[in-house]
Amino acid sequence: MKVVECKALIRTFVQGDSKITGLDHVDLDVNQGDFICLSGPSGSGKTTLLNAIGGLDRPDVGSIKLGDHYLEKLSKSELAELRLKNIGFVFQAYNLVPVLSARENVEFVMELQGVNSATRAQLSLALLEEVGLKGLEDRRPAQLSGGQQQRVAVARAIVSKPDLVLADEPTANLDSHTAENLMDLFEQLNQERNITFVIATHDERVIRRARRKIYMVDGKIAKDEQVDAA
Ligand SMILES: Nc1ncnc2c1ncn2[C@@H]1O[C@H](COP(=O)(O)OP(=O)(O)OP(=O)(O)O)[C@@H](O)[C@H]1O
Ligand SMILES: [Mg+2]
């Protein structure tokens, strides 16, 4: 089953008199259960593609189907709603709310989704335990290590039981051990919950764990290969 279908995406950024290529005729199908690494030189369009798939940015031309929805047909608020329900985002800079504890950061998303407070409390504790943060629920981001903060961000990303997690350089701020642990967690979520992952990264520690490797150059997909299980 296809989770994402991108057809003929073009995204050009205009800066002064010059036009900068973001995406140049990108076609991409993401299948349910995929564990994809998106790599390629800096400026090759990885973030632009993730942002387009996640509905954070609109391509100039082309079509993106996410589940049953064509993103180009949705309004901004419909896009926001779809994002909240169906997509989990994990960024390089964790993007946690500094004044909230780990559990409050996770519960905050559920609050936006209209989940009642008893369920919020129960679910946030369960999710934080699942990502290995039992006992640290009441700490604020500044009281957690980088890896622990990234785990809070992962718990927050999967709170809505998304089909798809989009991660942009999720290990860039993590030491090797912590990066491997994060990849273990992603793999576990992929295998046990059948969550599809698209991870943009330069990190060799991430790339070698991919089961599908997509390589971008100059806004185009230059290579797309399935990796056989070891
Ligand atoms: N908002 C913007 N305005 C102008 N140019 C942009 C904008 N966003 C991206 N670009 C340009 O589009 C191209 C693709 O950028 P993108 O961020 O997708 O690259 P990337 O592959 O994610 O790179 P990196 O590995 O450095 O994160 C680059 O040339 C970049 O400078
Ligand atoms: Mg990028």
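Provided above is the structure to which this section pertains.
Every chain is numbered independently, its residues counted from 1 as its sequence is written. As they are written, the chains are lettered A onward and the ligands numbered 1 onward, keeping that order. In keeping with the model being predicted, local features are shown solely for residues with a pLDDT of at least 70 and side-chain atom pairs are shown and tallied solely at 80 or more, while totals for entire chains, interfaces and linings include all residues. Side-chain calculation: all heavy atoms of the structure are included, whereas hydrogens and water are not.

How should the side chain of D34 be read in this particular structure?
In DSSP terms, a helix is any run of H or I states spanning at least four residues, a strand is any run of E spanning at least two, and both are numbered starting from the N terminus. Relative to the assigned elements, D34 resides in the loop between β2 (18-31) and β3 (35-39). Polar contact is defined as a pair of N or O atoms within 3.5 Å, subject to the rule that within protein one atom must be able to donate a hydrogen and the other to accept it, and that residues adjacent in sequence are counted only when both atoms are side-chain atoms. Separated by 2.7 Å, the side chains of D34 and R212 make a polar contact. The contact rule is simple, with two residues in contact once any of their heavy atoms fall within 4.5 Å. Residue contacts for D34: discarding those within four places in its chain leaves D29, N190, I195, T196, F197, R212 and Q226.

Looking at this model, I keep getting lost on the site of ligand 1. Mind explaining?
Consider each residue's heavy atoms; a residue with any of them within 4 Å of a molecule or strand counts as near. Near ligand 1 you find 15 residues, and of these S42, G43, K46, T48 and H202 are the closest. Take G43: an N or O atom from its main chain is 2.8 Å from an oxygen atom of ligand 1. Taking H202, its side chain carries an N or O atom lying 2.6 Å from an oxygen atom of ligand 1. Every accessible area reported is derived by Shrake-Rupley at a probe size of 1.4 Å, with residue values counting cover from the shown protein chains alone. Within the complex, the protein chains bury 64% of what would otherwise be the 630 Å² of accessible surface of ligand 1. Residue polarity follows a fixed list, in which Ala, Val, Leu, Ile, Met, Phe, Trp, Tyr, Cys and Pro are nonpolar, Asp, Glu, Lys and Arg are charged, and the others, Gly among them, are polar. Its residues assigned to classes, the shell around ligand 1 shows three nonpolar, ten polar and two charged.

Which parts of the structure should I look at to understand the sheet that holds strand β5 (residues 69-70)?
Strand pairs in the sheet, formed through backbone hydrogen bonds, run parallel or antiparallel to each other. Spatially, β2-β1-β4-β5 is the arrangement adopted by the four strands of the open sheet, whose pairing is antiparallel. The open sheet has two edge strands, β2 and β5, and neither has a second partner. For strand β1 (residues 2-15) and β2, the ladder comprises eleven bridges, and the chain directions are antiparallel. Paired with V14 across the two strands is K19, which belongs to β2. The pairing criterion for strands is at least two bridges between them, as found by DSSP.

Would you mind going over the packing of aromatic side chains with me for this structure?
Here a pair means two rings of Phe, Tyr or Trp (six-membered ring of Trp) with centres within 6.5 Å. Their orientation is stacked below 30 degrees between planes, edge-to-face above 60, and tilted elsewhere. Counted by the stated rule, this structure contains three aromatic pairs. Taken together, a centroid distance of 5.7 Å and an interplanar angle of 5 degrees make the contact between F89 and F91 stacked. An aromatic cluster is defined as three or more aromatic residues linked by ring pairs; in this entry it consists of F35, F186 and F197. Above the ring of Y70, the side-chain terminus of K73 is found at 4.6 Å from the ring centroid. Above the ring of Y215, the side-chain terminus of K223 is found at 5.6 Å from the ring centroid. Both a distance and an angle decide whether a charge sits over a ring: NZ of Lys or CZ of Arg must be within 6 Å of the ring centre and within 35 degrees of the ring normal.

Can you walk me through the pattern of salt bridges in this structure?
Here the idea is simple: oppositely charged side chains can pair when their charged atoms come close. Any carboxyl oxygen of Asp or Glu within 4 Å of a side-chain nitrogen of Lys or Arg constitutes a salt bridge here. Tallying each qualifying case throughout the model produces 18 salt bridges. R212 is paired through a salt bridge with D34; the nearest N and O atoms lie 2.7 Å apart. With a gap of 178 residues between them, R212 in strand β9 (residues 212-217) and D34 in the loop between β2 and β3 connect regions that are remote in the sequence. Taken individually, R212 and D34 each receive the classification buried, so the pair is uniform in this respect. Counted as one network, the salt bridges with shared partners bring together E180, D184, E187, R208 and R209. Using a 1.4 Å probe on the protein chains alone, a residue whose accessible area is under 20% of its type maximum counts as buried, one over 50% counts as exposed, and one in between counts as partly exposed.

Quick question: what am I supposed to make of the environment of E187 here?
Structurally, E187 is set in helix α6 (residues 176-193). Not counting residues up to four positions away in its chain, the partners in contact with E187 are F35 and R209.

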